[in-house]
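Fold and contact review
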2 protein chains.
Amino acid sequence: MSTETSEQLSLYTLGGLGEIGMNMMAIEYAGKILLVDCGLMFPEAYMMGIDLVLPDISSLEGRQDDIIALVLTHGHEDHIGAIPFLWRDLGEPAIYATGLTLGLLRSKLKEFELDSKVPMIEIQTRQKVDLFPFEIEPFRAAHSIVDGVGLAIRTPIGLIVHTGDFKIDQTPVDGQNTDLARLAEFGEEGVLLLLADSTNVENDGYTLSERTVKKALEEIIPQSVKRVVVATFSSNIHRIQQIADVAASNNRKLLINGRSMVANIDIARKLGYLKIAEEQFIDLRDMRSLPPEEVLIITTGSQGEPLSALMRIALGDHKQIELERGDTVILSSKFIPGNEKAISDLINNLYRRGAEVFYEKTSEIHVSGHASREELKLVHNLTRPKYFMPVHGEYRHLVKHAQLAQEMGIDAENCFVVDNGYPLLITAEGAELGEKCETGRVFVDGKGVGDVGAMQLRDRRHLANHGLVILMLAINQSTGKIVQGPELFSKGFIEEESEENNALLDEAKQAVCDLLDEHSLDAVSDWEELRVEVRKALRRCFNKKVARRPLILPVILQL
Amino acid sequence: MSTETSEQLSLYTLGGLGEIGMNMMAIEYAGKILLVDCGLMFPEAYMMGIDLVLPDISSLEGRQDDIIALVLTHGHEDHIGAIPFLWRDLGEPAIYATGLTLGLLRSKLKEFELDSKVPMIEIQTRQKVDLFPFEIEPFRAAHSIVDGVGLAIRTPIGLIVHTGDFKIDQTPVDGQNTDLARLAEFGEEGVLLLLADSTNVENDGYTLSERTVKKALEEIIPQSVKRVVVATFSSNIHRIQQIADVAASNNRKLLINGRSMVANIDIARKLGYLKIAEEQFIDLRDMRSLPPEEVLIITTGSQGEPLSALMRIALGDHKQIELERGDTVILSSKFIPGNEKAISDLINNLYRRGAEVFYEKTSEIHVSGHASREELKLVHNLTRPKYFMPVHGEYRHLVKHAQLAQEMGIDAENCFVVDNGYPLLITAEGAELGEKCETGRVFVDGKGVGDVGAMQLRDRRHLANHGLVILMLAINQSTGKIVQGPELFSKGFIEEESEENNALLDEAKQAVCDLLDEHSLDAVSDWEELRVEVRKALRRCFNKKVARRPLILPVILQL
């Protein structure tokens, strides 16, 4: 990212376009950069063994001193999760966010021993913050987490409205509606550029209010004569409030299960976002002394995560919590794309334990936090922007959102379906896309950040699909005699117990011996070539016999 | 499976209960066994590198002479796909099926050079076949493949009705309705046991008629001013018929793409199940000379299979077919659970090429082939069985179907939610579950059948998630001197280019050296123990430094 001329606004995303997660955007004017969000992404199936994915911020290398601030829209992982990993490399910017967002961030930073180092400034809705040459004004955005905001960002050449993740919930649990009044005022003031959430652009009509979930809970829970387990996202404080309220009115005490659930409930209660009386909570010991119909367990693990408490409960592997015939389990959560099979397995296993299970597909016990088409149309009509850039969504969502914007009257050439890294350059004269900056994904594996790349993933995929065969061979370099080997070991390739399979490995060994016979080993000048030939011979043999391609690693020692 | 007493009917599934796919059932009376279906399953994500999954038939070992016949309900892979692999081990039974099912099976057997060896007998709906001590009567079952049947199986102690996969399509494309009249007559006759499809028990109401898809096609295709690509399942002959009909009425010629699509269209046309005039078809060369608005491509690849032609088209990698802005792609297919992410990627990539894409989520261009709850209720009411056993479904589907049966008036103790391998034993006195027989899954990987087992899959998973580190060390056994090494190679573990990572491997090497210094290598008596200790030292080092657990393979040569 180069220093731009002072009349030009340059806006580009480091992550979050054409993908779900890893939201991060840089807005530059007169050499100064404002960052919005700094999220992570959870790995896709092909990223084997990867724990987390971060945006690649190398395009900001050398620009750290120009970064004025990092502003956060809300506290979901895909908006704040990369901060502990990237904050130092970003030049340790001050972070601006609302109360709960900072609360969640602080707890995250604590794990990295950064909480006392990061300057955190709490912002309030409708209160402007001067971040020269920008001025930001957060406005309320209802979402599946409490205390979310969108941002009005005033720049010398005009007003940017960034919705953040939002929906227009007409009856939010905390009474904090998406600030349609301010959106309308921005529209009157004149919006240069609208950035809006595209996640649910495929859904017609309106997204249901969070409050409707309570009705579903009020139908299911009183019917249950035994224990009730409700799994949901630990960040969905409104959902937790509603579950707790229905539990209380049904004379059920709360057992909280799952590390992040315990932590987030604690933070939200301390900050006043969650109102549950202390005496409502019980621990495992209390639970044992209560009849099952007086217990409700709130837990994480709604995505069928293999190591989660809920999966262990479903498999009968949990030490303290055992399901009984007649227990009720409610998955008050979305089937996140990519997790469908794991969630389906979870549900099947819960049924095997004798529980009755309620989930998104069969009951209305979850609503989305993102705006559907009619809500998006309303925001477009209120703000009437000159330029539009859809954000937060896979590529098809961005395309469909741009189509919707055009239906709402924005010229096609003023809609920008953009990939990560392409800067949108806006001047008084017009807007266009600039040259792509470096962007990408940085993998976190264990404690390693960025030390696993595309090549390691390719090798992991190869190993995963075909396993591995090691050929060991020791040769006396001067005599050309084989000192030891050839021997073959395999892992993940074939069961070595059976005669038939041993025969395969014997045959493979023979193929290597034949190859070596053809060579005068004392005259080998190019050992790398021999290695290549051995590998080829083995590959041919395995392909012919079993049509498989294990990774072949010849370990040839020249002594 | 042991020989049962003559008054007892024993019925057990080798696959298809508590899972989708691999449908296979054995029905035994007086020592004689009738097999129904012999399907395969496509691998789940954790079965890395596996191509196909077959039912384990070892419980039929030694009973081959007692197998009277294998009867097939329809031609889907999950009902016929295991036959080429298992037919010989089943004692080469005669196979009974309807015309198209045999046509599809024959083409499959041809690949295995078995087509001339397997006795295949065509059956007709409403025509009884004597398979003493059983008598089977196929009845029409509408489904997402042509020529499907359910089976009435008469046994000396009563009538079994097996629906096969079915829906009650009131307006099937070929006019072949599910035979409600015969089902009603079976009910009047008295049904001992009903086995019914549970796949869609979570869906309220009725499954839409296959014919409704045509309406959606008739809306989308005329609007398209450029090329149209329709992806669907190659076995869905009715769907292909409807696509071809709409293409014809819109003056579009057909290019058929995908090996199975070409093969199945050929078989279905030869057998008279598909009516498309020869002049409707074009090849790639013809396509180039036609304007895009006169072309419709029917293709496989609707599940986002990485190597499919459609995915290559979407990625711009296909040699002959290139998408242009304004082309239309229709995925007239289900998002099969587990494939959602791949299909989503496919759609995003099609949008990146500039195509407009229609799919299940946004348009009604697919209907299911399985009965919803109201249809199931109708079948229960018509047949009024004494006993009920839900089949074809994951565990939760079986439970919910049993609940539905109880709502329809069957006693809970007469409903059997059964796992694979548990025989349902029925006599004149009553019914109960017997002891579990051996069942399981046999993996096909390349040409190997059953040579990859649980241990190889565990190793593959470990390699996939963490990669591999090989330690090479050669020791002179008599002197105890290290002749070569220690050296470390890694695959899929860490990028070895950077200094930092090399430092990690150097440190690991040092840890091994330290360990070796502690030992008098000339006095090592237990080399296996040394190997274990080396592995431990490396594991500790990697865990401490990067919190990762690569598979560690010490190759220690004693020379």
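Named according to an unreviewed UniProt entry, chain A is Ribonuclease J originating from Malonomonas rubra DSM 5091. If you open the UniProt record of chain A and go to Subcellular location (unreviewed entry), you find "Cytoplasm". Annotation of chain A in UniProt includes, under Function (unreviewed entry), the sentence "An RNase that has 5'-3' exonuclease and possibly endonuclease activity. Involved in maturation of rRNA and in some organisms also mRNA maturation and/or decay."

1. With respect to the interface of chain B and chain A
At the junction of the two partners, chain B supplies 68 residues and chain A supplies 68 residues. Both faces considered, chain B and chain A share a buried interface measuring about 5,600 Å² in area, 53% of it formed by carbon and sulfur atoms. Among the residues of chain B in contact with chain A, B:Arg352, B:Arg396 and B:Asp451 are the three that bury the most area, contributing 10% of the side total. Our count for the chain B to chain A interface comes out at 11 salt bridges. Its salt-bridge partner being A:Asp419, residue B:Arg352 comes within 2.9 Å of it at the nearest N-O pair. Linking chain B with chain A are 40 residue pairs in polar contact (both at pLDDT 80 or more), by the criterion used here. No other element matches the eight residues that helix H10 (residues 340–352) of chain B contributes to the side of chain B that touches chain A. Its residues assigned to classes, the side of chain B that touches chain A shows 25 nonpolar, 21 polar and 22 charged.

2. A closer look at the UniProt feature "binding site: Ca(2+)" (unreviewed entry) in chain A
Within this structure's numbering, the places UniProt gives as "binding site: Ca(2+)" (unreviewed entry) are A:Gly49, A:Asp51 and A:Asp445. The greatest C-alpha distance among the annotated residues, which extend across 397 residues, is 6.8 Å, indicating that they converge on a single site. The class for A:Gly49 is buried, based on a relative accessible area of 17%. With near-sequence residues (within four places) excluded, A:Gly49 lies in contact with A:Asp445, A:Arg460, B:Ala464 and B:Asn465. On the secondary structure map, A:Asp51 appears in the loop between strand S3 (32–36) and strand S4 (52–55). On the basis of relative accessible area, A:Asp51 is assigned to the partly exposed category, the value being 39%.

3. A closer look at the relation of the copies chain B and chain A
Take chain B, turn it by 180°, move it 0.0 Å along the axis, and it overlays chain A with an RMSD of 0.1 Å. What the rotation and shift describe, once combined, is the action of a two-fold rotation axis. In terms of proximity to the rotation axis, the leading residue of chain B is B:Ala464, whose C-alpha is 2.4 Å off the axis. Most of the interface of chain B is mirrored in chain A, where 100% of its interface residues are also at the interface.

4. Overview of the pairing of strand S16 (residues 295–299) of chain B
Residue and element names in this part refer to chain B. In terms of burial, S16 is a largely internal element, five of the five residues being buried. Burial of S16 is two-sided: the residues Val 295, Ile 297 and Thr 299 facing one way and the residues Leu 296 and Ile 298 facing the other way are all buried. Of the strand pairs in this sheet, strand S13 (residues 228–231) and S16 are connected by four bridges, and their pairing is parallel. The partner of Val 229 across the bridge, within S16, is Ile 297. Of the pairings in the sheet, the one linking strand S14 (residues 253–257) to S16 comprises five bridges and is parallel in character. When the sheet's bridge partners are listed, Ile 256 is paired in S16 with Ile 298.

Reading guide: rules and limits
- Residues numbered from 1 in each chain as written.
- Chains lettered and ligands numbered in written order.
- Predicted model: local features only at pLDDT ≥ 70, side-chain atom pairs only at ≥ 80, totals over all residues.
- Heavy atoms only, no water.
- UniProt positions renumbered as here; feature names shortened; annotations may be inferred.
- Contact = heavy atoms within 4.5 Å.
- Buried area = accessible area lost by both parts, 1.4 Å probe.
- Salt bridge = Lys/Arg side-chain N within 4 Å of Asp/Glu carboxyl O.
- Polar contact = N/O pair within 3.5 Å; in protein donor to acceptor, adjacent residues only side chain to side chain.
- Helix = DSSP H or I, 4+ residues; strand = E, 2+ residues; numbered from the N terminus.
- Nonpolar A, V, L, I, M, F, W, Y, C, P; charged D, E, K, R; others polar.
- Buried < 20%, exposed > 50% of the residue type's maximum accessible area, 1.4 Å probe, protein only.
- Least-squares fit on C-alpha atoms with pLDDT ≥ 70 in both.
- Pairing = 2+ DSSP bridges.

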